[in-house]
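# Chain and residue survey
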Number of protein chains: 2
Amino acid sequence: MTRSTPSIGVALLGLGNVGGGVVRLLDDNAHAIQARLGARLHVRAIAVRDPDKAQRVVEVDRALLTDLEHAIARPDVDLVCELIGGTTDARRAVLAAIAAGKHVVTANKALLAEHGAEVFAAAEAAGVDVYYEAAVCGGVPIIRVLREGLASDRVEALWGIVNGTSNYILSTMTETRRAFADILRDAQALGYAEADPALDIGGGDAAHKLAILVGLCFGTTVDVHAIPTEGIAPVAPIDLAYAERFGYVVKPLAIARDHGHAVEARVHPALVPGNWLLADVSGAKNAVYVQSYALGGSMYYGAGAGMLPTAMAVVSDMIEIGRNMYARAAGAPVRPRPAEARPLLPLADIRTKYYLRFGVVDQPGVLGQLMTILGAHRVSIAQVVQGTGEPVQVVVVTHEAREGDMRAALAEIDRLAVVCEAARVIRIAG
Amino acid sequence: MTRSTPSIGVALLGLGNVGGGVVRLLDDNAHAIQARLGARLHVRAIAVRDPDKAQRVVEVDRALLTDLEHAIARPDVDLVCELIGGTTDARRAVLAAIAAGKHVVTANKALLAEHGAEVFAAAEAAGVDVYYEAAVCGGVPIIRVLREGLASDRVEALWGIVNGTSNYILSTMTETRRAFADILRDAQALGYAEADPALDIGGGDAAHKLAILVGLCFGTTVDVHAIPTEGIAPVAPIDLAYAERFGYVVKPLAIARDHGHAVEARVHPALVPGNWLLADVSGAKNAVYVQSYALGGSMYYGAGAGMLPTAMAVVSDMIEIGRNMYARAAGAPVRPRPAEARPLLPLADIRTKYYLRFGVVDQPGVLGQLMTILGAHRVSIAQVVQGTGEPVQVVVVTHEAREGDMRAALAEIDRLAVVCEAARVIRIAG
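Residues numbered from 1 in each chain as written. Chains lettered and ligands numbered in written order. Predicted model: local features only at pLDDT ≥ 70, side-chain atom pairs only at ≥ 80, totals over all residues.

### Structural notes on the overall build of chain A
Under the convention used in this document: Strands are runs of DSSP state E lasting at least 2 residues, helices are runs of H or I lasting at least 4, and numbering of each runs from the N terminus. With C-alpha atoms as the basis for the radius of gyration, the globule rule is written as 2.2 Å multiplied by the number of residues raised to the power 0.38. Our contact criterion uses C-beta atoms placed from the backbone: two residues qualify when those atoms are within 7 Å.
Within chain A, the secondary structure is distributed over 14 helices and 16 strands. At 24 Å, chain A has a C-alpha radius of gyration in line with the 22 Å of a compact globule built from 430 residues. Across its three principal directions, the C-alpha atoms of chain A cover 85 × 45 × 35 Å. Considering only contacts within chain A whose residues lie at least 6 apart along the sequence, 76% involve residues at least 24 apart.

Written as structure tokens, this is what we have:
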């Protein structure tokens, strides 16, 4: 580095896996980053909980280690990179950084999904940037694509595989036809799933990401806790087999659609057509399929987690903030208008196709009863397969129907004496 | 529009399909664009060859129609959008716009592939932006992804399906097993192929796009005419059948790899593994699969052509230039350093796997002769299938070998008396 190279001061909050990746990437790609930015990204402080901890993900100069307050307050820090996670300390740190006039990069989806409106309003008032590419789909630059690449377009709907753990488990179940609990245990042993996997497999992590995508695509904020969210645990190997028979694959989806007056958003496992690109997104990979007015269908695919992919997204955000800093006029930059509030479409009002599996007693006329009740509730049938065994498995693929109608039909069916087990429902997407 | 809304003056050069799409999109999405940019994109002039032409793609105010010089020179024009195509008038117009201090958006891949260095140097000297998202893969924001999304990463290699016409023809051949010439005739009738399809099916269009991608990813300029380029015409239905038998699909690829001292770049049809995402990119769609240091494999997929997808990329570039204009300080912005010149790797030195098909006379010992010659040239065999018919078809899939060695072996084989027709070669990718 020559003496004349300008530099941008960075404070890292947190030095876990992603923080370590950021340090490594800034070092490995220093030359290329400096060539692209025309400046050096210089880490001036790293906030850690315990500065005396012996083992770290990467070697760093111990003189850089400090606490949150000191890292944020340093006058030579222009940009604060929040990698501590959670929504309490992280929220406080991010708001403090913004108040101190520092730009912010964060990978924290929970923070943005729960407190995004507060964070963005504070940044707007302070005239600083908040970038968050790593918060959704790790290294896949989906935020940048939606914000800039499709800036002139209008997103109508999107379908995302945004949780790698769920996708890994369902992909492995599909390949091996082994049960959910078995695969989860293996995934935990291999480090593909957390010791407490609830947020991943329960869909909460995907709901956080979906709330961020909805805000970006539809210009509205949604209450993340109001997003209908179902995990993958109820998906049984037999469902995967029937799905395949009908030409589908089961994937963990986050789905959003703009209805104008309202916004549809939901997280659940879904059958997707085997010839759709999303069907081939396997293992721990992430992808988002976007349907927009001008471009039509487009898809963005890659590593949704991992040390270097996530760090890559963080450092690319730093570079963009650096470019903005050098380009920005003295006055505040032009910013998009505040989001309009729009309600979430009630789950009962969504329309989709359904995969329904019933366990019934083996006697004549049962199938007719099921069909009659579904028909009475305006749920029209595309395909039916009646298996064998005890109870007999009846699997139905419907045409598009209203969720409320379908649920009313199921409530009635589940009360029939000939029905042995509650109906299994998986929505169909694409 | 309220009176206080700032506006950015735009001159459109050309009002064909894409120009018409730009006018339509600026109109259809005016509200959203203004909300995102904080300013209005105002078309102040449209340069057309014949202002008196009766029929146009879209209705426009006739008072806007003018010639190139006047459109560029207007003092209320900040941004010139070049959509006239070709490399003569377009080059002159773009350089004139830059000299006049106007920002430029272009969808012209030929211009950038052939005169990119000149155009970017002029823009750098004048302190204006040149954006060109629509030049590669139409609406798929691959330029933005590579420049910004992966700004902190290092691209190692890429494989692109970047010509929709070639992909449409090969996809349809794969589905129907009909011959190339038949499908091409149908595609022309349907408007999926130009009346003169040479640039598309011969690979020239893909080579232009690859030259742009190489410049962006590897920071070097390559002579587009030096890129080894082969079209799809020689691919026969029998090759598609054998490819499928080996688990492959034939796709029209543009391939680049960074070798440090040199850069590999080539355009040709290739066998790709059936389980690779690129194998599922069918019809006229485009996709680029990127292998990078930090992110690993990622893919970007969508419409590579068409009125609205291409116009969408153009208008998104306009929005970004508008943002830059409002954000830019009085001084010149920081720009990346000029590209380093690096040689193209000679085709003889590339290493890949090959699909080879030989037509030989039906007599014992022929297979042995072929294998012996391949082995003598260090071309190691992975699989062999011997068909029937007259001549007998021998199909070989090799391990990775040096192109020069493989060519030397084929030259020797083609001289054998038992060989009835010149060997067919298709490289294998992925």
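### Here's the deal with the confidence of the model for chain A
The cut-off we apply is this: Values of pLDDT, ranging from 0 to 100, describe the predictor's confidence in every residue of the model.
Taken as a whole, chain A shows an average pLDDT of 92; of its residues, 96% reach a score of 70 or greater. Reported confidences for the modelled complex are a pTM of 0.92 and an ipTM of 0.90.

### Focus on the interface of chain A and chain B
What counts, and what does not: Residue type decides the class: Asp, Glu, Lys and Arg count as charged, Ala, Val, Leu, Ile, Met, Phe, Trp, Tyr, Cys and Pro as nonpolar, and the leftover types, Gly among them, as polar.
Contacts between the two partners involve 52 residues from chain A and, on the opposite side, 52 residues from chain B. Elements that contribute at least two residues to the side of chain A that touches chain B include exactly α2 (30–37), α6 (142–149), β11 (296–303) and α12 (307–327) of chain A. A total of 12 residues in the side of chain A that touches chain B trace back to one element, the largest contributor, which is α12(A). Class assignment of the residues belonging to the side of chain A that touches chain B gives a composition of 30 nonpolar, 11 polar and 11 charged.

### Brief notes about the pairing of strand β4 (residues 79–82) of chain A
All names here are of chain A. Quick reminder of the rule: Working definition of burial: number of other C-beta atoms within 10 Å of the residue's own, with buried at 20 or more, exposed at 12 or fewer, and partly exposed in between, all C-beta atoms being placed from the backbone. Strand pairing is defined by DSSP finding a minimum of two bridges between the two strands. A clockwise path from the first strand over the helix to the second, with the strands pointing away from the viewer, defines a right-handed crossover.
Neither face of β4 is left uncovered, since the one carrying Leu-79 and Cys-81 and the one carrying Val-80 and Glu-82 both have all their residues buried. When strand β1 (residues 7–13) meets β4, the two strands line up parallel, connected through four bridges. In the sheet register, Ala-11 faces β4, and the bridge partner there is Val-80. Alignment of β4 against strand β5 (residues 103–106), held across four bridges, turns out to be parallel. Residue pairing in the sheet places Leu-79 in a bridge with His-103 of β5. Remark: the β4/helix α4 (residues 89–99)/β5 crossover connection has right-handed handedness.

### Describing the sheet that holds β5(A)
Residue and element names in this part refer to chain A. In plain terms, the rule: For helices, the fitted axis covers only the stretch in contact; all axes are lines through C-alpha atoms, and the angles between them, taken along N-to-C directions, range from 0 to 180 degrees.
One open sheet holds the six strands; their spatial order is β3-β2-β1-β4-β5-β6, and the pairing between them is parallel. Single-partner strands in this sheet number two, and they are β3 (65–66) and β6 (130–131). Docked against the sheet, helix α1 (residues 17–28) engages β1, β2 (40–47) and β4, running at close to 150° with respect to β2.

### A word on unusual backbone geometry
Both trends apply: most residues other than glycine have a negative phi, and most peptide bonds are in trans. Residue and element names in this part refer to chain A. Between Glu-390 and Pro-391 the backbone carries a cis peptide bond, its omega angle lying at 0°. Checked against the element boundaries, Pro-391 lands in the loop between β13 (381–386) and β14 (392–398). Its identity is not glycine, yet Cys-137 carries a phi of approximately 60°, on the positive side. Here Cys-137 shows up in the loop between β6 and α6.

### Some words on the sheet that holds strand β4 (residues 79–82) of chain B
All names here are of chain B. If you trace the six strands from one edge of the open sheet to the other, you get β3-β2-β1-β4-β5-β6, paired in parallel fashion. The open sheet has two free edges, formed respectively by β3 (65–66) and β6 (130–131), since each of these has just one partner strand. Running over the sheet, helix α1 (residues 17–28) touches β1 (7–13), β2 (40–47) and β4 and is turned about 150° from β2.

### Some words on the relation of the copies chain A and chain B
Each copy of the chain is related to the other by a rotation around an axis and a translation along that axis. The following threshold applies: Least squares is the method used to superpose the copies, on C-alpha atoms of residues holding a pLDDT of at least 70 in both.
When chain A is fitted onto chain B, the two copies agree to an RMSD of 0.1 Å after a turn of 180° and an axial shift of 0.0 Å. Here the transformation between the copies is reduced to the relation of a two-fold axis. Mapped onto chain B, 100% of the interface residues of chain A are again interface residues, and the two copies thus contact each other with one and the same surface.

### Topic: α1(A)
An α-helix turns once per 3.6 residues; consequently, residues spaced three or four apart project the same way. Rules: A helix is expected to span 1.5 Å for every residue after the first.
Helix length check: α1(A), at 12 residues, gives a terminal C-alpha distance of 16 Å against a target of 16 Å (1.5 Å per residue), a fit within 8%. Listing the buried residues of α1(A) in full gives Val18(A), Gly19(A), Gly20(A), Gly21(A), Val22(A), Val23(A), Leu25(A) and Leu26(A).

### Description of the domain arrangement of chain A
As a measure of interface size, the accessible area lost when the parts come together is often cited. Worth spelling out the cut-off: Segmentation into domains, and thus their bounds, comes from an automatic or database assignment.
As assigned here, chain A comprises domain 1 (7–139 + 307–327), domain 2 (142–303) and domain 3 (347–428). Once you take the C-alpha centre of each, domain 1 of chain A and domain 3 of chain A turn out to be 51 Å apart.

### Overview of the packing of helix α13 (residues 366–376) of chain A against helix α14 (residues 403–414) of chain A
When two helices pack together, their arrangement is given by the angle between the helix axes and by the axis-to-axis distance. Residue and element names in this part refer to chain A. Inclusion rule: Here roughly perpendicular refers to angles of 65 to 115 degrees, roughly parallel to angles under 35, roughly antiparallel to angles over 145, and oblique to all remaining angles. The handedness criterion is simple: a crossing whose near helix is rotated anticlockwise from the far helix by less than a right angle is left-handed, and one whose near helix is rotated clockwise is right-handed.
Between α13 and α14, whose axes approach to 8 Å, the crossing angle comes to 150°. The angle between the axes of α13 and α14 places the two elements in the roughly antiparallel class. Relative to α14, the crossing made by α13 is right-handed. In this structure, α13 contributes Leu-370, Ile-373 and Leu-374 to the contact, and α14 contributes Ala-409, Glu-412 and Ile-413. By residue class, the composition of the contact of α13 with α14 is five nonpolar, no polar and one charged.

### Details of the nonpolar core
Our working definition: Put simply, a nonpolar core is a cluster of buried Ala, Val, Leu, Ile, Met, Phe, Trp, Tyr and Cys residues tied together by C-beta atoms within 7 Å.
By size, the foremost hydrophobic cluster in this structure holds 304 residues, and its most contacted members are Cys81(A) and Cys81(B). Contacts of Cys81(B), omitting those with residues within four sequence positions, involve Val10(B), Ala11(B), Leu12(B), Leu13(B), Val22(B), Val105(B), Val314(B) and Met318(B).

### Focus: the pairing of β13(A)
Here five bridges tie β13(A) to β14(A), and the two strands are oriented antiparallel to one another. The partner of Val385(A) across the bridge, within β14(A), is Val395(A).

### What about the environment of Met406(B)?
Residue and element names in this part refer to chain B. With respect to the helices and strands, Met-406 occurs in helix α14 (residues 403–414). A tally of 25 C-beta atoms within 10 Å means that Met-406 is categorised as buried. Apart from the residues within four sequence positions on either side, Met-406 is in contact with Tyr-354, Val-379 and Ala-401.

### Description of the environment of Asp182(B)
Within the secondary structure, Asp182(B) is located in helix α8 (residues 180–190). A C-alpha to C-alpha distance of 29 Å links Asp182(B) and Asp414(B), two positions 232 residues apart in sequence.

### Re the packing of α6(A) against helix α6 (residues 142–149) of chain B
The N-to-C vectors of α6(A) and α6(B) enclose an angle of 125°; their axes lie 10 Å apart at closest approach. The angle between α6(A) and α6(B) falls in the class oblique. Crossing handedness for the pair α6(A) and α6(B): right-handed. Side by side, α6(A) and α6(B) meet where Arg144(A), Val145(A), Glu148(A) and Gly149(A) of the first sit next to Arg144(B), Val145(B), Glu148(B) and Gly149(B) of the second. Tallied by class, the residues present in the contact of α6(A) with α6(B) amount to two nonpolar, two polar and four charged.

### Points about the environment of Tyr242(A)
All names here are of chain A. Checked against the element boundaries, Tyr-242 lands in helix α11 (residues 237–245). Residue Tyr-242 is classed as buried on the basis of its 22 C-beta neighbours within 10 Å. In this structure, Tyr-242 is in contact with Arg-357, Val-385 and Val-395, ignoring residues within four places of it in sequence.

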